[in-house]
Amino acid sequence: MTRPQNVIVTGSTSGIGLGTAHSFARAGARVVLNGRRLNDAAEAVLSEFRERYGHDNVIFAACDVADPGQVEEMVSGTVDAFGSVDVLVQNAGIQHTSSVHEFPLDKWDQIIAVDLSSVFYGIRAALPRMLAQDFGRIINVASVHGLVASKEKAAYVAAKHGVVGLTKVTALETATVNITCNAICPGWVLTPLVEKQIHARAQANGTSFDEEKRKLVAEKQPSQEFATPEQIGALAVFLASEAAAQITGQALPVDGGWTAQ
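How each quantity is defined
- Residues numbered from 1 in each chain as written.
- Predicted model: local features only at pLDDT ≥ 70, side-chain atom pairs only at ≥ 80, totals over all residues.
- Heavy atoms only, no water.
- Core = buried A, V, L, I, M, F, W, Y, C linked by side-chain atoms within 4.5 Å.
- Buried < 20%, exposed > 50% of the residue type's maximum accessible area, 1.4 Å probe, protein only.
- Axes fitted to C-alpha atoms, helices over the stretch in contact; angles between N-to-C directions.
- Helix = DSSP H or I, 4+ residues; strand = E, 2+ residues; numbered from the N terminus.
- Parallel < 35°, antiparallel > 145°, perpendicular 65-115°, else oblique.
- Left-handed = near helix turned anticlockwise from the far one by under 90°.
- Contact = heavy atoms within 4.5 Å.
- Nonpolar A, V, L, I, M, F, W, Y, C, P; charged D, E, K, R; others polar.
- Expected span 1.5 Å × (residues − 1).
- Arc of directions from axis to C-beta.

**Q** Mind showing me how you'd approach the nonpolar core here?
**A** Side chains of nonpolar character tend, in soluble globular proteins, to be buried together. Ranked by size, the top nonpolar core spans 31 residues in total, and within it F24, L33, F49, V89 and I139 carry the most contacts. Counting 29 residues, the second-largest nonpolar core is a separate cluster that includes V85, I138, A142 and L166.

Here it is in structure tokens:
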């Protein structure tokens, strides 16, 4: 980053969001952490950030990103607290696996709301502020599943493809101003969301967590290694910098070669 920035990171109490929030805070940004509620886990994260980066440099926004009214309140609250929203990192997401014809209707609606509609709500709330200040960086954490598909992930794949498309539209509409919009598309990252999938595989196959962990990454990721939240965070910080001012509308895989196959 070339100047102090005020950054919202949704879904930032664990996993990719937490790693990204740390990356921005280490780079000197003021950070808005986000989760659905300020529970014990979120309190612990907030306390850690304030101790490491300064009490005045971190706030927590309790917000259900699937609720457009709450998203607007999070953005306006950030402006009230820090004076602006310079960077919006939209990371919150959920998952459910099932075959298409058996996919529960409520799970479909929930995943589309949290993984896709919330991204639109965030852009809709933040973009007018960014236009008014002639600066903004919107970074949507999509997925490798925004570029390719896997079985039994109909809602997630549909939502993440939608995020990539929405990213491109936003980039085109802001191409002549000092605002960029990009998507980061992680492959396998060992987050709580992925750990849940590994545990489910182990239970279904009667195998151990470690065995299924090895199998999972070997199936898709030629590097045979998980990407890390810190690597995703470092890319997000770069995309928010002046060096990335001409990178917009892109879907950038961090996938160990998954989409090169």
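**Q** Any chance you could explain the packing of helix α1 (residues 15-26) against helix α2 (residues 40-53) here in plain terms?
**A** Packed helices, taken two at a time, are described by their axes: the angle between them and the distance between them. Between α1 and α2, the shortest axis-to-axis distance is 11 Å and the interhelical angle comes to 20°. Looking at the two axes, α1 sits roughly parallel to α2. As for how α1 packs across α2, the hand of that crossing is right-handed. Contact residues: L18, A21, H22, A25 and R26 in α1; V45, E48, F49, R52 and Y53 in α2. For the contact of α1 with α2, the per-class residue count stands at 6 nonpolar, 1 polar and 3 charged.

**Q** Looking at this structure, I do not really get α2. What am I missing?
**A** Residues separated by three or four positions in an α-helix point in the same direction, a consequence of the helix having 3.6 residues per turn. Over its 14 residues, α2 runs 20 Å from end to end, which matches the ideal 20 Å to within 8%, given 1.5 Å per residue. Burial in α2 covers these residues: A42, V45, L46, F49 and Y53. Projected down its long axis, α2 carries its buried residues within an arc of 100°, all on one side. Pointing more than 90 degrees away from the buried face of α2 are the exposed residues D40 and E51. Where the residues of α2 are buried, they touch α1, β2 (30-35) and β3 (58-62). In the stretch just after α2, G54 is the one whose phi turns positive, near 105°.

None of this, on its own, says anything about what the molecule does.
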